[in-house]
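Structural features, examined
Now for the letters of each chain:
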Amino acid sequence: MRRSVPTLVLTGGQVLTVDRDFTVTEGVAVRGGDIVATGSDAEMRALAGPGTRVVELRGRTVLPGLNDSHLHGAAYGMTKPPFAIDVGHPAVRSIADIAAAVREAAEAARPGEWIIGLGWDPGYLAECLADPRRFPHRHDLDAVSPHHPVCLTDFSSHMVWANSAALRRCGIDAGSTPPPGGVIDRDADQEPTGILREAAQGLLQAALPAPTIAERRRAIRGVVRELHTRGITSYTEPGLGPGGTGTLFGGLATDNWTAYAELVAAGELHARVSVLLLPAPMGGSADDLREGLDELRRPTSADPRRLNAIGVKIFADGVPPNRTAWMNEPYPEGGHGALCVHGDTPALQVEELREMIAVAHRAGFQLGVHVTGDRAIDTVVEAFVAANAAAPRPDARHYVIHGDFIGARSLAKLAAHGYGVNMNPAIKWTISDLMDEVVGPERSAYQWPVRTAVEAGVRVCASSDAPITEPDWRQGVAAMMLRESKASGRTSGPEQRVPLTEALRAYTATPAWQDFAEDWKGTVEPGKAADLCVLDRPLLDLDPHDITDVQIDLTVFDGTVVHER
């Protein structure tokens, strides 16, 4: 009987399978959309036939297709022109630079049109660095855009900076009350400064013009093309649903599911996208969650290997740079942060959060809960355990999203129940110097304790949280191995470094587990999906400082070459 001939063979290189034993071999053979063999150079060449494309690796590295397990794909696509201007570092380095970019946009805009931007970070603005008391203010934008409303979302997507025209258009003034889980910054006269935090962002973002479904499809296609150039073939879209209606451009809204589903039905989605549904907004309640789940039900797609709704996203607290993460110990200037769910007191908020988690758990969903402060993380993990005790599910795979200050007790509980944590090493790289001021040097060094989590037996995924950082797994891997600061190069928490093997697992095999897909993707093994990434050099033994210089020479998705440098 004639053997089937591979359609593609990559050979003569360093194939990092990322299997259980982290096997390293020389080649891989693909037929159709599947990996059919791995092995030595001689074995792979023997499989090739006249119609086989043979890629000579010449020592280059092959990895499984990378999986960015927390990447707001639709929202990331809509942070780029023509949707928004770039006000992130290094495009801008000062408030004056941002004002100049806004002025230019306003001069080109139609009368009354919104000026929208994304990415500003006070940790890199010259005026804020020179004077820690200096912070962006509506007056900075009023001077260059008195008549066009301006909405600039910060790098974390947990804070917006608006001008007076935007505040007037949205009815925000000295008498305005922020929604639950939101903060309106005020000056000495109690007038809004133009900074809206957490759920208060929705007061502005809900007024922005919403892109059409066709525009959303176009944005997603653009993102997938970019991801292919980065070797990324899978990602988790962490939150789409009615709870995202008020986000920037509805970047987390249900319309994005519709756009994804239409792309799949047309055979135009060339990535594997796992979706967390977002039934309730930040600051929402258990009733909001029930209503949102009833509206969403469990949407299906034409190809679950391309698009699959597997879980539910809940926001528990804010983020440490905004002092809105709920912490056990106070911030240096006072305050503990808070939960950002419905409730007039912390005790009522805890009960509301526990009920939200229980509702989603009973409905059969995986839970991914945005939570950053140690006190909030303990609350969430205890709620996971309580929900499972009341309604046992043997393989729910719930996980903590971000988990900045997760402690030993919560890590032990996650490990015992087979739950996970999804961390963001490139954010650590970006903000580690800033966090010394926010929480003090000791807590800052511990932030995102990857090694402690791995040693506790917790499955750790790493992700970009794009558009918070660029979807660059190379920077994430380097950051996990080095724990160095972007701004100063200083090491922050060297005891939390992990080796290359663990860093790569966090971008390949472990995210496949998070996706309930470890039996068919995430490693380079026969029978797995032919999603592969070829690097321009050997990766083993490479100085971690050089990893960010590595180029992506080839990306294979479902057996087809989708990027070639």
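Residues numbered from 1 in each chain as written. Predicted model: local features only at pLDDT ≥ 70, side-chain atom pairs only at ≥ 80, totals over all residues. Heavy atoms only, no water.

**Thoughts on empty space enclosed by the protein**
Per the counting criterion, the structure on display carries three cavities of 30 Å³ or more. In this model, the largest cavity occupies a volume close to 90 Å³. Around the largest cavity, the lining residues are Pro64, Gly65, Asn67, Thr233, Ser234, Thr508, Ala512, Lys521, Gly522, Thr523, Ala529 and Asp531. A class-by-class count of the residues in the lining of the largest cavity yields three nonpolar, seven polar and two charged. Size it by volume and the second largest cavity reaches roughly 50 Å³. Around the second largest cavity, the lining residues are Pro425, Lys428, Trp448, Val450, Ala479, Met480 and Arg483. Broken down by secondary-structure element, the contributors of at least two residues to the lining of the second largest cavity are α14 (425–439) and α17 (473–482). A class-by-class count of the residues in the lining of the second largest cavity yields five nonpolar, no polar and two charged. (1 Å grid on protein atoms, 1.4 Å probe; cavity = no way out; pocket = protein on both sides within 12 Å on 5 of 7 lines; lining within 4 Å. Points joined across faces, edges and corners; volume = space filled by probe spheres on them. Nonpolar A, V, L, I, M, F, W, Y, C, P; charged D, E, K, R; others polar. Helix = DSSP H or I, 4+ residues; strand = E, 2+ residues; numbered from the N terminus.)

**Thoughts on the packing of helix α8 (residues 213–229) against helix α9 (residues 254–265)**
The interhelical angle for the contact between α8 and α9, taken along N-to-C directions, is 65°, at an axis separation of 9 Å. Judged by the angle between their axes, α8 and α9 are roughly perpendicular. In the crossing of α8 with α9, the sense of the turn from one axis to the other is right-handed. Contacts between α8 and α9 involve Ile213, Arg216, Arg217, Ile220 and Arg221 from the first element and Asp255, Asn256, Thr258, Ala259, Tyr260, Glu262 and Leu263 from the second. Here the contact of α8 with α9 is built from residues that sort into five nonpolar, two polar and five charged. (Axes fitted to C-alpha atoms, helices over the stretch in contact; angles between N-to-C directions. Parallel < 35°, antiparallel > 145°, perpendicular 65-115°, else oblique. Left-handed = near helix turned anticlockwise from the far one by under 90°. Contact = heavy atoms within 4.5 Å.)

**Observations regarding the pairing of strand β20 (residues 420–423)**
Of the two faces of β20, the one lined by Gly420 and Asn422 and the one lined by Val421 and Met423 are each fully buried. Inspection of the sheet shows strand β19 (residues 399–402) paired to β20 by three bridges, in the parallel sense. By the bridge assignment for β20, Ile401 is matched with Asn422. Crossover connection from β19 via helix α13 (residues 408–417) to parallel β20: handedness right-handed. Pairing analysis gives four bridges linking β20 to strand β21 (residues 459–462), with the strands arranged parallel. Considered in β21, the bridge of Met423 is made with Ala462. (Buried < 20%, exposed > 50% of the residue type's maximum accessible area, 1.4 Å probe, protein only. Pairing = 2+ DSSP bridges. Right-handed = clockwise from strand over helix to strand, strands pointing away.)

**A few points about the nonpolar core**
Residues Leu204, Ile357, Trp473 and Leu539 are the most contacted members of the largest nonpolar core, which totals 123 residues. For Leu539, the contacting residues outside a window of four places in its chain are Gln14, Leu16, Thr61, Leu63, Leu500, Leu504, Ile547 and Val550. (Core = buried A, V, L, I, M, F, W, Y, C linked by side-chain atoms within 4.5 Å.)

**What to know about the packing of helix α12 (residues 374–390) against α13**
As a packed pair, α12 and α13 sit with axes 9 Å apart at the nearest point and diverge in direction by 30°. Judged by the angle between their axes, α12 and α13 are roughly parallel. Every pair of crossing elements has a handedness; the one defined by α12 and α13 is left-handed. Listed contacts from α13 to Ile377, Asp378, Val381, Glu382, Phe384, Val385 and Asn388 of α12 are Arg409, Ser410, Lys413, Leu414 and His417. Split by residue class, the contact of α12 with α13 holds five nonpolar, three polar and four charged.

**What about the environment of Val498?**
Within the secondary structure layout, Val498 lies in the loop between α17 and α18 (500–505). Remark: the alpha-carbon pair of Val498 and Pro449, spanning 49 residues in sequence, is separated by 10.0 Å. Excluding its chain neighbours within four sequence positions, the residues that come into contact with Val498 are Val450, Arg451, Met480, Met481 and Ala503.

**What about the state of the cysteines?**
Within the structure shown, the criterion is met by zero disulfides. Of the cysteine sulfurs around Cys170, a residue in no disulfide, the closest is that of Cys151, at 8.2 Å. (Disulfide = S-S within 2.5 Å.)

**Points about the sheet that holds strand β22 (residues 532–535)**
One open sheet accounts for six strands, arranged β3-β2-β7-β22-β23-β24; its pairing is mixed. Only two strands of the sheet have a single neighbouring strand rather than two, namely β3 (24–25) and β24 (560–564). The pairing of β22 with strand β23 (residues 552–557) spans four bridges and is antiparallel. Looking at β23, one finds that Val534 is bridged to Leu554.

**Focus: the sheet that holds strand β14 (residues 192–198)**
Spatially, the six strands line up as an open sheet ordered β9-β10-β11-β12-β14-β13, and their pairing is mixed. Every other strand in the sheet has two partners, leaving β9 (85–86) and β13 (182–186) as the edge strands with one partner each. Packing against the sheet, helix α3 (residues 95–108) makes contact with β9, β10 (115–120), β11 (150–154) and β12 (159–162), and its axis sits at approximately 155° to β10.

**What about the environment of Ser488?**
With respect to the helices and strands, the residue Ser488 is situated in the loop between α17 and α18. For Ser488, a relative accessible area of 46% translates into the label partly exposed. Note: C-alpha distance between Ser488 and Ser432 (56 residues apart in sequence) is 9.4 Å. Within polar-contact distance, the side chain of Ser488 engages the side chain of Asp433 at 2.9 Å. (Polar contact = N/O pair within 3.5 Å; in protein donor to acceptor, adjacent residues only side chain to side chain.)

**Here's the deal with the packing of aromatic side chains**
All chains considered together, the criterion is met by three aromatic pairs. Between the aromatic rings of Trp120 and Trp161, the centroid separation amounts to 5.3 Å while the plane-to-plane angle is 70°, which identifies the pairing as edge-to-face. Note that Trp120 is positioned in strand β10 and Trp161 in strand β12, a separation of 41 residues in sequence. On the numbers, 5.6 Å between centres and 75° between planes, the contact of Phe384 with Tyr419 is edge-to-face. Of this pair, Phe384 sits in helix α12 while Tyr419 sits in the loop between α13 and β20, placing them 35 residues apart in sequence. (Phe/Tyr/Trp six-rings, centres within 6.5 Å; stacked < 30°, edge-to-face > 60°.)

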